[in-house]
Amino acid sequence: DAILVTNLMNAVQPIIRYQVDDCVILHEAPCECGLPFPYVDILGRTDDMPSFTGEKGTVRLSPIVFLNAVCDIEGVSIFQFIQSDLKTLVMRVQYLQDVDRGAVNRHITQKVQEQLVNHSLTNVAFSIEEEEPRRAIRGKKMKAYIKDFPG
């Protein structure tokens, strides 16, 4: 599946059928802004870059490593990764209704642990929080990956 965007607001050079390769979450509910249309969250645009202390020293990754691992897991409504230090990664998750949260969490953990192992980061602690992702102070934009410490 892919998301195609057409922006006709630019009269000089409209963008027609631009494919967005980022992970996109389509919400069925109308937007809180009052328009009656569904809305999307586009993940992975302005995210921080993961950096961990691993078994082989410092490992820098693209946030896409984690986003792609979990974006297709059934039962997840929206998610966000928060890295609190060089050896700790937390995923904030909101679930779709009527899902087995334990099964979803096991699937998430398996996928994230696979990525940590693939990048020699077995020393990194991973956990899941059932909380709403952090939003920007202004507007409703959301980073899919937040590095919550200096460096």
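By convention here, each chain's residues receive numbers from 1 onward along its written sequence. In keeping with the predicted nature of the model, local features appear solely for residues at pLDDT of at least 70, side-chain atom pairs appear and are counted solely at 80 or more, and the whole-chain, interface and lining totals rest on all residues. Calculation of side-chain values draws on the structure's entire complement of heavy atoms; hydrogens and water are dropped beforehand.

What follows covers unusual backbone geometry. For residues that are not glycine, phi is negative in most cases, and the peptide bond is trans in most cases. The residue D98 is not glycine, and still its phi comes out positive at about 60°. Summary of the burial criterion: residues with accessible area below 20% of their type's maximum are buried, those above 50% are exposed, and those between are partly exposed, where the area comes from a 1.4 Å probe applied to protein chains only. Owing to a relative accessible area of 81%, D98 belongs among the exposed residues under this scheme.

The strand order β9-β8-β7-β10 describes an open sheet built from 4 strands, whose pairing is mixed. Two strands close off the open sheet at either side, each with one partner strand: β9 (125-129) and β10 (145-147). Each strand axis lies, on average, 20° off the axis of its neighbour in the sheet, ignoring direction. Summarising the sheet, strand β7 (residues 76-85) and β10 pair through 3 bridges and their orientation is parallel. Bridging from a neighbouring strand, F81 pairs with Y145 of β10. In this scheme, strands are said to pair when DSSP sees at least two bridges between them. Numbering of helices and strands runs from the N terminus, with a helix taken as a DSSP run of H or I at least four residues long and a strand as a DSSP run of E at least two residues long. For helices, the fitted axis covers only the stretch in contact; all axes are lines through C-alpha atoms, and the angles between them, taken along N-to-C directions, range from 0 to 180 degrees.

Now for the environment of P50. Residue placement: P50 occurs in the loop between β4 (38-42) and β5 (51-54). Assessed through its relative accessible area of 0%, P50 is described here as buried. Remark: the alpha-carbon pair of P50 and L61, spanning 11 residues in sequence, is separated by 5.4 Å. Every residue pair with non-hydrogen atoms within 4.5 Å of one another is taken to be in contact. Every residue in contact with P50, bar those within four places of it in the chain, is listed here: V59, R60, L61, S62, P63, F66, Q83 and Y145.

The subject of this paragraph is the packing of aromatic side chains. A pair of aromatic rings is counted whenever rings of Phe, Tyr or Trp (Trp by its six-membered ring) have centres within 6.5 Å, and the orientation is called stacked for planes under 30 degrees apart, edge-to-face for over 60 and tilted otherwise. Throughout the structure, instances matching the rule amount to 5 aromatic pairs. On the numbers, 6.1 Å between centres and 70° between planes, the contact of F52 with F66 is edge-to-face. Placement of F52 in strand β5 and of F66 in helix α1 (residues 64-70) is noted, with a sequence separation of 14 residues between them. The pair F52 / F66 is uniform in exposure class, with both members buried. Of the aromatic side chains, those joined through ring pairs into one cluster are F52, F66, F79, F81 and Y145.

Basic side-chain nitrogens of Lys or Arg form a salt bridge, by our definition, when they fall within 4 Å of a carboxyl oxygen of Asp or Glu. Tallied over the full model, the rule gives 4 salt bridges. Across the salt bridge formed by E130 and R101, the nearest N and O atoms sit 2.9 Å from each other. Of this pair, E130 sits in the loop between β9 and β10 while R101 sits in helix α2 (residues 101-118), placing them 29 residues apart in sequence. Residue class for R101 comes out partly exposed when judged on its relative accessible area of 41%. D148 serves as the salt-bridge partner of R134, at 3.1 Å between the closest nitrogen and oxygen. In this pair, R134 is assigned in the loop between β9 and β10 and D148 in the segment after β10, connecting sequence segments 14 residues apart. Among the charged side chains, a salt-bridge network with shared partners connects R92, E129 and E131.

This part takes up the pairing of β5. Pairing of β5 with strand β6 (residues 57-60) involves 4 bridges; the strand directions are antiparallel. Across the sheet, the residue bridging to T53 is T58, located in β6. Where β5 folds back on β6, the antiparallel hairpin that results is connected by 2 residues.

Along strand β8 (residues 88-95), 6 of the 8 residues are buried, which leaves the element largely enclosed by surrounding structure. Here 8 bridges tie β7 to β8, and the two strands are oriented antiparallel to one another. Note on β8: the bridge partner recorded for F79 is V93. Alignment of β8 against β9, held across 5 bridges, turns out to be parallel. Paired with V90 across the bridge in β9 is S127. Handedness of the crossover joining β8 and β9 through α2: right-handed. By definition, the crossover connecting two strands over a helix is right-handed if that path, from the first strand to the second, turns clockwise as seen with the strands pointing away from the viewer.

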